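If you want the building blocks of each chain, they are given just below.
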Amino acid sequence: MIISVGIDLVEVERIRAALEDPRIGVRFRDRVYTQNEIAYCEKKQRGRFQSYAGRFAAKEAVMKALGRGWGAQVCWVDIEVARASSGKPNIVLHNKTEVLAERLGIRNWALSITHTARYGMAYVIAQDD
C-alpha cells in the first residue's frame, strides 16, 4: 500500500554552481552526498552535474514523502541513491532517517529519476510492503 509520495525538480546549474564554488563546494558535496554517490557521479564526467542534480532531487523527494526536511530526524547522507546491478536506482536509508521511515511504516521505496541538461527530477513512492 502507498503511504506517501514525494517529487522534486532542481536546476542542474544551481547544483553545479554549489559544487564548483571554491568556498563551499567540497563542504556541500560531502554534506549532501555519500561517497558511493560521489564516485558514481564523478564517473559520469560530462554528465556528472545532471547526476548530482538527480540525486539531490531524489533526496528532497524522500524528505517530502517522510513529511520532514533535513534536521534532527533526517540527514542528507542518510538518504542514499544506490543502483541495482540492473542499473535501476534505489533508495537506501541509514541511521536516524531509516528509523523514522520504519516508525512511519515505510518498508519499500519506488524511485524514478530523470534529467535533462537543465533540470533533474525525481519521484518517490513510499510503501508499506
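From a predicted model like this one, the values you see are computed outputs, not experimental measurements. Sequence order as written defines the numbering, with residues in each chain counted from 1. Per-residue local features are limited, in this predicted model, to residues with pLDDT of at least 70; the limit for side-chain atom pairs, both in listing and counting, is 80 or more; totals at the level of whole chains, interfaces and linings are taken over all residues. With hydrogens and water set aside, each side-chain value is computed from the structure's full complement of heavy atoms.

Caption draft 1: Looking closely at helix α3 (residues 35-43). Among all positions of α3, only Glu 37, Ile 38 and Cys 41 are buried. The buried residues of α3 occupy an angular sector of 100° when projected down its axis, which confines them to one face. Opposite the packed face of α3, turned more than 90 degrees from it, sit the exposed residues Gln 35, Asn 36 and Lys 43. Any two residues having at least one pair of non-hydrogen atoms within 4.5 Å are treated as being in contact. In this text, helices come from DSSP runs of H or I with a minimum length of four residues, and strands from runs of E with a minimum of two, each type numbered from the N-terminal end. Buried residues along α3 sit against α2 (25-32), α4 (48-66) and β2 (79-83). After α3 finishes, the residue Gln 45 shows a positive phi value of roughly 50°. In this scheme, a residue with accessible area under 20% of its type's maximum is buried, one over 50% is exposed, and one in between is partly exposed, where area comes from a 1.4 Å probe on protein chains only. The arc refers to the directions leading from the helix axis to the C-beta atoms.

Caption draft 2: Summary view of the sheet that holds strand β4 (residues 108-115). At least two DSSP bridges between two strands are required for those strands to pair. Within the open sheet, the three strands sit side by side as β1-β5-β4. Their pairing is antiparallel. Two strands in the sheet have a free side with no partner beyond their single neighbour: β1 (2-11) and β4. Strand-to-strand twist in this sheet, taken as the mean axis angle between neighbours without regard to direction, amounts to 10°. Pairing analysis gives nine bridges linking β1 to strand β5 (residues 119-127), with the strands arranged antiparallel. Opposite Ile 2, over in β5, you have Gln 127 as the bridge partner. For helices, the fitted axis covers only the stretch in contact; all axes are lines through C-alpha atoms, and the angles between them, taken along N-to-C directions, range from 0 to 180 degrees. Against the sheet, helix α1 (residues 12-20) makes contact with β1 and β5, and its axis sits at roughly 70° relative to β1, the strand it touches most. Contacting β1, β4 and β5, α4 runs over the sheet at an angle of about 145° to β1.

Caption draft 3: The arrangement of the nonpolar core in detail. By convention a nonpolar core is built from buried Ala, Val, Leu, Ile, Met, Phe, Trp, Tyr and Cys residues, the set being connected through side-chain atoms within 4.5 Å. Within the largest apolar cluster, 35 residues are counted, with the highest numbers of intra-cluster contacts made by Ile 15, Tyr 33 and Trp 109. Beyond its immediate stretch of four places on either side in the chain, Tyr 33 contacts Ile 15, Leu 19, Phe 28, Ile 38, Tyr 52, Ala 53, Arg 55, Phe 56, Lys 59 and Val 77.

Worth remembering: the numbers are spatial, not functional.
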